[in-house]
Amino acid sequence: MAGKMAVDDQLALLMQGAEYGDDQIKEAMRSELRQRLIESEKSGKPLRVYCGYDPTSPDLHLGHTVTMRKLRQFQDLGHDVTFVIGSFTALVGDPSDKDGARPRLTREQINEYAKTYTTQAFKILDSDRTTIRFNDEWLSQVSLEQFVEMASNFTVQQFLARDNFSRRYEAGTPIWVHELVYSLIQGYDATVLEADVQMGGTEQLFNLLAGRKLQESFGMRPQVALTLPILVGTDGKLRMSKSTGNTIGITDEPADMYGKVMSLPDDVMGNYFRLVTRWTPKEIDAIESQLSSGEMHPRDAKMALAREIVEAFYGAEEAREAEDAFRRIFQQGDVPEDMPEHTLTAGESILDLLVKTKLASSRSEGRRLIEQRGVRLGDEVVEDPNRVIELVEPAILRVGKRKFLRITP
């Protein structure tokens, strides 16, 4: 198992990319993880490692895979990995990276979203070595007495000191009580799982440290908190999030996934190199050195990145076909050989068509696409969402850079 790799080599691999925003915390976590690895090697007992994912939308995206790839590293070193689906914490909603309260989800929505998480997780994780747990299994059983006992370990000031809460407090934006307790109930996961290591995004550090505090209150050794940077979305500015529409889904079609990667601004490529590829630090350094010297064109580096990401989920053949399709459509001005078709009905507007064919998820998104001049009918940019489509011969509707629809009268 893990003993085949020297402890310091394991430590370097597992801490690669970890960020805390505080050198003292980082050094403490590095030291604690090293000690746990030494103990694991001596005893032959694997570490218990987990990460939680709240099912707030039906599909996982590349941003989720940052921590999943780190979980896979632990697996490959022989440690026990648990993939926790936040079926209870999603009822509350994590406020860690929000400047306002999340919309409340119903249990029916959460259950529906969670259905796809397990199969999607196995695109990264080894299904034979992964334990799936739903945290409503234990959180729904917590009594009010237990909750009060756990809450006694924290002060209101500790929660209000968090950046997002302090900004909202100063601005007079409401902070709801259920938001304050999110860290508390998420931290209880760590005690139930008796975790040695928990990981999350850098914005999750407070939640992970709350888990350490609760473990200590239960007489347990506190877990190692391992936090990783956020992945920037396709806009190159905001974190990848379904709510901002800047995601690359891990179930996206290969050609669509490839095209979305190619739409990334050049200056965020390094973020993707380090967080969502299988490339080693040495390989990444070589690419960035070639980019810096001008030996490699940014377009070629981005194509290599797109190919790597598609190949990780679909294999080399699908990645090659996606690249060929990209070259044909975007570099040679062609249109796809295969595209969905739609036969018009009388009085059908552009907006009706976008929603009906799922080229837009809602009428508001359809209007936004049109306002951003992202919809073309033939060679013409569509400006009126209520325009009724009238054709005498088939035409191509293009949405954004990657979506095409053949319309027939």
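Remember, predicted model here, so these are calculated numbers, not experimental data.

(A) Up close: the environment of Gln 223. By secondary structure assignment, the location of Gln 223 is in the loop between α13 (205-217) and β5 (224-228). The sequence separation of Gln 223 and Glu 108 amounts to 115 residues, and the corresponding C-alpha distance is 32 Å. At a separation of 3.2 Å, a polar atom in the side chain of Gln 223 contacts the main-chain carbonyl oxygen of Leu 208.

(B) A look at the nonpolar core. Counting 68 residues, the largest nonpolar core has Leu 33, Leu 62, Phe 74, Leu 226, Tyr 272, Leu 305 and Ile 309 as the members making the most contacts within it. Of the residues forming this core, the biggest block, 8 residues, is contributed by helix α17 (residues 298-314). Non-local contacts of Ile 309, meaning those with residues more than four positions away in its chain, are made with Leu 62, Met 257, Val 261, Tyr 272 and Val 276. Grouped together as the second largest cluster of nonpolar side chains are 25 residues, Tyr 50, Leu 139, Leu 184 and Ile 185 included.

(C) Inspection of the sheet that holds strand β2 (residues 80-85) at higher detail. An order of β3-β2-β1-β4-β5 is seen for the 5 strands of this open sheet, with the pairing classed as parallel. Two strands lie at the open edges of the sheet, namely β3 (130-134) and β5, each paired on one side alone. Taking each pair of neighbouring strands and ignoring which way they run, the sheet shows an average axis angle of 25°. By the bridge criterion, 2 bridges tie strand β1 (residues 48-53) to strand β4 (residues 197-201) in an arrangement that is parallel. Across the sheet, Tyr 50 pairs through a bridge with Gln 198, a residue of β4. Packed onto the sheet, α13 meets β4 and β5 and runs at close to 170° relative to β5.

(D) Examining the pattern of salt bridges more closely. In this structure the tally under the stated criterion is 26 salt bridges. In this structure, Glu 137 and Arg 133 form a salt bridge, with 2.8 Å as the shortest nitrogen-oxygen distance. Shared partners join several salt bridges into a network, and the residues in it are Arg 72, Asp 76, Asp 126 and Arg 129.

(E) The arrangement of the side chain of Gln 223 in detail. A residue is classified by how much of its surface remains accessible, and Gln 223, at 0% relative accessible area, is buried. Here Gln 198 takes part through its side chain, which lies 2.7 Å from a polar atom of the side chain of Gln 223. Apart from the residues lying within four places of it in its own chain, the contact partners of Gln 223 are Glu 32, Arg 36, Tyr 50, Ala 190, Ala 195, Asp 196, Val 197, Gln 198, Leu 208, Gly 211, Arg 212 and Gln 215.

(F) Looking closely at the packing of aromatic side chains. Here the structure, examined in full by the defined rule, presents 6 aromatic pairs. Measuring from ring centre to ring centre gives 5.5 Å for Phe 273 and Trp 279, while their planes differ by 50°; the resulting arrangement is tilted. A cation sits over an aromatic face here: Lys 123 above Tyr 314, 5.3 Å from the ring centre.

(G) Highlighting the side chain of Asp 196. Inspection of the secondary structure puts Asp 196 in the loop between α12 (182-193) and β4. A distance of 2.6 Å separates polar atoms of two side chains, one belonging to Asp 196 and the other to Arg 36. Not counting residues up to four positions away in its chain, the partners in contact with Asp 196 are Arg 36, Pro 46, Leu 47, Arg 48, Gln 223 and Val 224.

(H) Spotlight on the packing of helix α8 (residues 144-151) against α12. The geometry of α8 relative to α12 is characterised by a closest axis approach of 11 Å and an angle of 100° between their N-to-C directions. Between α8 and α12, the angle is such that the two are roughly perpendicular. Counted together, Gln 146, Phe 147, Met 150 and Ala 151 of α8 and Leu 184, Ile 185 and Tyr 188 of α12 form the full contact between these two elements. Partitioning the contact of α8 with α12 into residue classes produces 6 nonpolar, 1 polar and no charged.

(I) Focus on helix α20 (residues 363-371). Those residues of α20 that fall on the buried side of the exposure criterion are Gly 366, Leu 369 and Ile 370. Buried residues of α20 fall within an arc of 95° about the axis and therefore sit on the same side. Exposed residues lying more than 90 degrees from the buried face of α20 are Ser 364 and Glu 371. In this structure, the buried side of α20 is in contact with α19 (350-356), β7 (375-377) and β9 (395-399). Looking one or two residues past α20, Arg 373 carries a phi angle of roughly 60°, positive in sign.

(J) Representation of α13. With 13 residues, α13 extends 19 Å from end C-alpha to end C-alpha; this agrees with the ideal 18 Å at 1.5 Å per step. The set of residues buried in α13 consists of Leu 205, Asn 207, Leu 208, Ala 210, Gly 211, Arg 212, Leu 214 and Gln 215. On its buried face, α13 is in contact with α2 (23-43), α8, α12, β4 and β5.

(K) Representation of the environment of Arg 376. Note that Arg 376 resides in strand β7. Overall, the relative accessible area of 37% leaves Arg 376 in the partly exposed class. Once the C-alpha coordinates of Arg 376 and Gly 172 are considered, the two residues, 204 residues apart in sequence, prove to be 44 Å apart. Not counting residues within four places of it along the chain, the set of residues in contact with Arg 376 comprises Val 381, Val 382, Ile 396, Leu 397 and Arg 398.

The rules behind each value
Residues numbered from 1 in each chain as written. Predicted model: local features only at pLDDT ≥ 70, side-chain atom pairs only at ≥ 80, totals over all residues. Heavy atoms only, no water. Helix = DSSP H or I, 4+ residues; strand = E, 2+ residues; numbered from the N terminus. Polar contact = N/O pair within 3.5 Å; in protein donor to acceptor, adjacent residues only side chain to side chain. Core = buried A, V, L, I, M, F, W, Y, C linked by side-chain atoms within 4.5 Å. Buried < 20%, exposed > 50% of the residue type's maximum accessible area, 1.4 Å probe, protein only. Contact = heavy atoms within 4.5 Å. Pairing = 2+ DSSP bridges. Axes fitted to C-alpha atoms, helices over the stretch in contact; angles between N-to-C directions. Salt bridge = Lys/Arg side-chain N within 4 Å of Asp/Glu carboxyl O. Phe/Tyr/Trp six-rings, centres within 6.5 Å; stacked < 30°, edge-to-face > 60°. Lys NZ or Arg CZ within 6 Å of the ring centre and 35° of its normal. Parallel < 35°, antiparallel > 145°, perpendicular 65-115°, else oblique. Nonpolar A, V, L, I, M, F, W, Y, C, P; charged D, E, K, R; others polar. Arc of directions from axis to C-beta. Expected span 1.5 Å × (residues − 1).

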